[in-house]
Amino acid sequence: MESSVQSAYQEELNRLEETFKEIDRQLAELAKIPPYTGHEHTEQVLESIREGRRRNLAVAQSEPYFGRLDFQESGHHNPTPLYIGKVGLEKDPTLELMVIDWRAPVASLFYSFTGGNEAVTYDSPDGMVEGLVYLKRNLVIRKQILQRVVDTFDRAGDNMAVTDEFLLYRLGENKDNRLRDIVSTIQAEQDAIIRAVKNSALFIQGVAGSGKTTVALHRLAFLLYQYRDQVRAERMIIFAPNRMFLDYISGVLPELGVGHIQQTTFTDWALELLDHEVKPADQAQRLRYWFQIGGQRPTMDDSAPGRVKGSVGFMRWLDRALQQYEASAGPQADYSPWDGTKLPAATIRQWYDVENKHEPLMKRRERVLARIKRWQEMELDKVWEVHLKKEYKKKAAQRLREYTKQWTEYTPFTFYKELLGPQPPAYLSSELLAELSPELIRETQALLKKKLVQPEDLAPLLFIRSRFYGIHGELTFDHTVIDEAQDFSPFQITLLNMHTRNQSFTILGDLSQGIHAYQGIHDWKEFMSLFEAEKTAYFQLNRSYRSTMEIIYFANAVLMNSAEKPSVLAEPVFRSGDPVKIRQVGEAQLAGQLQQEMRRLQSGEVSTVAVLARTEERCEQLHRSLTAEGMQVHLIGAGQQHYEGGLSIVPTFMAKGLEFDAVIIVDADPDHYSAMPQDAKLLYVGCTRALHSLQLWYDGTPSPLIASIQGDFAVSE
Ligand SMILES: Nc1ncnc2c1ncn2[C@@H]1O[C@H](COP(=O)(O)OP(=O)(O)OP(=O)(O)O)[C@@H](O)[C@H]1O
């Protein structure tokens, strides 16, 4: 056995040496050609191909591949070793494939194969290919050194796929301040999502830590490879919940050799499209309102403004209001540029209602007014007397100005403001107006007066924008990714669908983490019903890779202790760590104990530690106490742009999407975390941020969500 391991290692060393020689040879060849900087098109194309090769070879130079699969295609006599890497490598000049790009069809076998003697298949451009797998091997190469050779399947051996030792080794590593690529350990259920066809709306419901974000980013890299003739990186977009989260995930795509993909938040994207005519209302205040504690807290039901304005019902309401505006838009009277000459109102309406019917509303206005102007010029041409012509011209210019004024040129904001204003516009029927609650209208008015909007006003404004100006090609996407989609509204999704070609979406989230229930959805059906059913696919990821078994069991128990039981619970991978610690710590000792514990954790192997508190004020207070003691701790607030790693204090609602080696949740008492579903979801989000170590501290009595948790995975101190 020992000798077979040694011979495998030696075999891989030889192969690696051969690969490095080829890479060096190709780099040396490329170095002989000076970079082309001229204007000749063909030369420029050749130079960009060489540039791409140089980049790929540079990636391959330190870690050329991470896996090997010996595959015997049906009809062939011997298995062929296929080496899988982040980028492909062809031997020059024979074009023999030395390394296969992980996104290539045959590489899918490396991910989908989980053991067994049966024939396997993969989908190639020429149809299904069938064959047998003889060997599946993971290889760790770091900085050109072969560090590990782990066989996860050997047909000649005991035929059993061993537990994924390699995956556990990767999961056990500590994290810095960035999310990383997972090309070497993509799991079969994740691979199916990554390689799903482009033109469908893919929904991924995944438990915390199941790799949703990571998988979506790998999917983008796959789509760019597989559909290179149909999609462009600049035309792909990722919507994430906030700037800090975007910063946190920003390393993955470059690691996968992908650049130029747009990455934004819905708010930033919308404000840009609205030419920054409006500003977002204070978001910290909004979060403070929804995440407050105590008896005064608001209920997050369907009457919340975010749920109302985010609904398809509100979109239809707006649509009807726009139709009423359309029917009455434009002056209804004849136009007379000077006495004795007139353009009948019926002709103007004919231009508006029939000839320009398919133009967006403001474009139609522009077109009709331009046509009136042209008509007027033609009428003027008919006047021969010079002084009369001069007089008419002056008069006509003035009358056209007056006529134009009667036809208001709206922006999306001025239209919305008038529509929901204190004096409703004349075109709006009283029946339609009565469908909205007066309170909702009042609240909106108060903000619009100051040119401020809430996030739920943005989709309506963009909807109006699309009716006014249309959606031009440069504003459409080849593919759209929406992360933390459970916090989006059906209206937002419909709007993004209007901007996305061929319904090509990756929409991911977790209903158990739906802490923004005052705006988000309660069931994926709310979104799925918005798409063509035959071009929609639903995936569920139940395995959680981030946290230890103990943390996952504990977090599941938190959800189970809430008034609303989850339909799915996370399944951990078999990675065991310390039990979750529940500790009583009095307020007077809190800062001192935190300081001591954070120092203890940092002196070990841990590199990122977070203290999670329920509100921003509490975080600020703890931050003051800890910095007064000379500790270097980052305070993360609602407007945070970057995630620095190290020690952080974070409001739990801001920690969504992030992960830390160790997490301490403070104030785990009934006031801060009651048994209400939204508190359980919040605490669940907090618990599932931890990779290796989790503690919950309380003063007085523990929260009902954790009080009864017992078992091997939790200890009370
Ligand atoms: N196949 C895998 N191999 C190695 N690590 C993985 C794998 N899948 C996921 N992970 C790791 O699990 C962690 C969670 O991944 P990610 O943040 O993408 O999950 P998520 O489902 O978006 O989580 P959440 O909803 O809790 O924010 C990351 O550290 C990621 O690297």
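Definitions and cut-offs
- Counting from 1, residues in each chain are numbered in the order their sequence is written.
- Predicted model: local features are reported for residues with pLDDT of at least 70 only, side-chain atom pairs are reported and counted for 80 or more only, and whole-chain, interface and lining totals are derived from all residues.
- Runs of E in the DSSP output that reach at least two residues are strands. Runs of H or I that reach at least four are helices, and both are numbered from the N terminus.
- Three exposure classes are used, based on other C-beta atoms lying within 10 Å of a residue's own C-beta, which is placed from the backbone: buried for 20 or more, exposed for 12 or fewer, and partly exposed in between.
- Residues are treated as contacting if the C-beta atoms built from their backbones sit within 7 Å of each other.
- Angles run from 0 to 180 degrees between N-to-C directions of axes, and those axes are lines fitted to C-alpha atoms, restricted for helices to the stretch in contact.
- Should an angle fall under 35 degrees it is called roughly parallel, over 145 degrees roughly antiparallel, and 65 to 115 degrees roughly perpendicular, with every other angle called oblique.
- Handedness of each helix crossing follows the sense of rotation of the near helix against the far helix: counterclockwise by less than a right angle gives left-handed, clockwise gives right-handed.
- Each residue gets one label: Ala, Val, Leu, Ile, Met, Phe, Trp, Tyr, Cys and Pro are nonpolar, Asp, Glu, Lys and Arg are charged, and the others, such as Gly, are polar.
- Nearness rests on one distance test: the residue's C-beta atom, set from the backbone, must lie within 6 Å of the molecule or strand.
- To count as a nonpolar core, a set of buried Ala, Val, Leu, Ile, Met, Phe, Trp, Tyr and Cys residues must be joined through C-beta atoms within 7 Å.
- Strands pair, by our definition, only if DSSP identifies at least two bridges between them.
- Values of pLDDT, ranging from 0 to 100, describe the predictor's confidence in every residue of the model.
- For crossovers, right-handed means that the path from the first strand over the helix to the second runs clockwise, given strands pointing away from the viewer.

Trainee: A description of the overall build of the chain should follow, citing residues and the corresponding values.
Mentor: Of the regular secondary structure elements, the chain holds 25 helices and 26 strands. Referenced to the eigenvectors of the C-alpha coordinate spread, the extents of the chain come out at roughly 110 × 75 × 50 Å. Put simply, the chain has 717 residues, and 38% of those count as buried. Pairs at least 24 apart in sequence give 76% of the contacts found in the chain among residues at least 6 apart.

Trainee: Break down the environment of Arg180 for me, with residues and values.
Mentor: On the secondary structure map, Arg180 appears in the loop between helix H4 (165–171) and helix H5 (188–194). When the C-alpha positions of Arg180 and Leu569 are compared, they lie 25 Å apart, and in sequence the two are 389 residues distant.

Trainee: Which residues make up the packing of helix H14 (residues 361–381) against helix H15 (residues 386–405), and what are the values?
Mentor: Interhelical geometry of H14 versus H15 gives an angle of 165° and a closest axis separation of 11 Å. In terms of orientation, H14 and H15 fall into the roughly antiparallel class. Between H14 and H15 lies a crossing whose hand is right-handed. Here Leu369, Ile372, Lys373, Gln376 and Leu380 of H14 come into contact with H15, specifically with Lys389, Tyr392, Lys393, Ala396, Leu400 and Thr404. Within the contact of H14 with H15, the residues separate by chemical class into 6 nonpolar, 2 polar and 3 charged.

Trainee: Explain the site of the ligand to me, using residue names and the numbers behind them.
Mentor: Every one of the 25 residues lining the ligand counts as a neighbour, but Thr185, Ala208, Gly211, Lys212 and Thr214 are closest to it. Counting only elements with at least two residues in the shell around the ligand, the list comes to H4 and helix H6 (212–226). Here the residues of the shell around the ligand are counted per class, giving 7 nonpolar, 12 polar and 6 charged.

Trainee: Outline the nonpolar core, supporting the account with residue identities and numerical values.
Mentor: With 153 residues, the main nonpolar core has Ile84, Phe554 and Val558 as its most contacted residues. The contacts of Ile84, once residues within four sequence positions are left out, are Tyr65, Phe66, Gly67, Leu69, Ile100, Trp102, Ala107 and Phe110. Counting residues in hydrophobic clusters, the runner-up holds 5 residues, among them Tyr335, Ile348, Tyr352 and Val368.

Trainee: Go over helix H20 (residues 490–498), please, and point to the residues and values.
Mentor: Of all the positions in H20, only Pro490, Phe491, Gln492, Ile493, Leu495 and Leu496 are classed as buried. Structurally, H20 contributes buried residues whose contacts are with helix H9 (266–273), helix H12 (312–328), helix H19 (455–469), strand S15 (479–482) and helix H21 (525–528).

Trainee: Break down the sheet that holds strand S10 (residues 262–264) for me, with residues and values.
Mentor: Strand order in the open sheet formed by 6 strands is S10-S9-S15-S16-S8-S17, and the pairing between neighbours is parallel. Sheet topology places S10 and strand S17 (536–541) at the edges, where each strand pairs with a single neighbour. Averaged over all pairs of adjacent strands, the angle between strand axes in this sheet comes to 15°, irrespective of strand direction. As defined by bridge partners, strand S8 (residues 201–206) adjoins strand S16 (residues 505–509) across 5 bridges and the pair is classed as parallel. The residue of S16 that forms the bridge with Phe203 is Ile507.

Trainee: Go over the packing of H9 against H19 with me, naming the residues and quoting the values.
Mentor: Any two packed helices are characterised by the angle at which their axes cross and by the distance between the axes. Running from amino to carboxyl end, H9 crosses H19 at an angle of 40°, the nearest separation of the two axes being 10 Å. The angle between the axes of H9 and H19 places the two elements in the oblique class. For the pair H9 and H19, the crossing hand works out as left-handed. Between H9 and H19, the contacting residues are Phe266, Thr267, Ala270 and Leu273 on the first element and Pro455, Leu458, Leu462 and Arg465 on the second. Of the residues assigned to the contact of H9 with H19, the class counts are 6 nonpolar, 1 polar and 1 charged.

Trainee: Give me the sheet that holds strand S23 (residues 647–651): which residues, what numbers.
Mentor: Across the sheet, which stays open at both edges, the 7 strands sit in the order S22-S23-S21-S24-S25-S20-S26 with parallel pairing between neighbours. Each edge of the open sheet is held by one strand with a lone partner, namely strand S22 (634–635) and strand S26 (714–716).

Trainee: Please provide a residue-by-residue account of the confidence of the model for the chain, values included.
Mentor: Caution is warranted with low-pLDDT regions, since their predicted coordinates should not be read in detail. The share of residues in the chain with pLDDT of 70 or more is 98%, and the mean pLDDT across the chain is 91. Per-element averaging of pLDDT across the chain places helix H10 (residues 283–290) at the bottom with 77 and S15 at the top with 98. Predicted complex metrics record ipTM = 0.99 and pTM = 0.92.

Trainee: Any chance you could break down the pairing of strand S25 (residues 690–698) for me, citing the residues and the numbers?
Mentor: The buried count for S25 comes to 9 of 9 residues, which makes it a mostly enclosed element. For strand S20 (residues 580–584) and S25, the ladder comprises 4 bridges, and the chain directions are parallel. Within the sheet, the bridge partner assigned to Gln584 lies in S25 and is Tyr698. Strand direction decides the pairing type here: strand S24 (residues 660–665) and S25, joined by 5 bridges, are parallel. For Ile664, the partnering residue across the bridge sits in S25 and is Gln695. The β-α-β motif built from S24, the intervening helix H25 (residues 677–687) and the parallel element S25 has right-handed crossover chirality.

Trainee: An account of the pairing of strand S7 (residues 145–154) is requested, with residue identities and associated values reported.
Mentor: Sheet analysis places strand S6 (residues 127–142) next to S7, joined by 8 bridges and oriented antiparallel. Each residue of the ladder has a partner; that of Leu139, found in S7, is Val149. Between S6 and S7, which pair antiparallel in sequence order, lie 2 residues; one of them, Lys143, sits at a positive phi of approximately 45°.

Trainee: Pulling in residues and values, what's your account of the environment of Ile141?
Mentor: Within the fold, Ile141 resides in strand S6. Its 20 C-beta neighbours within 10 Å are what place Ile141 among the buried residues. Excluding its chain neighbours within four sequence positions, the residues that come into contact with Ile141 are Leu16, Glu63, Pro64, Leu146 and Gln147.

Trainee: Before we move on, could you go through unusual backbone geometry and cite the residues and values that matter?
Mentor: A positive phi is found at Lys143, a non-glycine position, where the angle reads about 45°. By secondary structure assignment, the location of Lys143 is in the loop between S6 and S7. For Lys143, a count of 8 C-beta atoms within 10 Å puts it in the exposed group.

Trainee: Just give me the short version of the environment of His692, but keep the residues and values in it.
Mentor: For His692, the location among the structural elements is in strand S25. On the neighbour-count criterion, His692 (25 C-beta atoms within 10 Å) is buried. Setting aside residues up to four positions removed in sequence, His692 forms contacts with Thr548, Gly577, Asp661 and Ala662.

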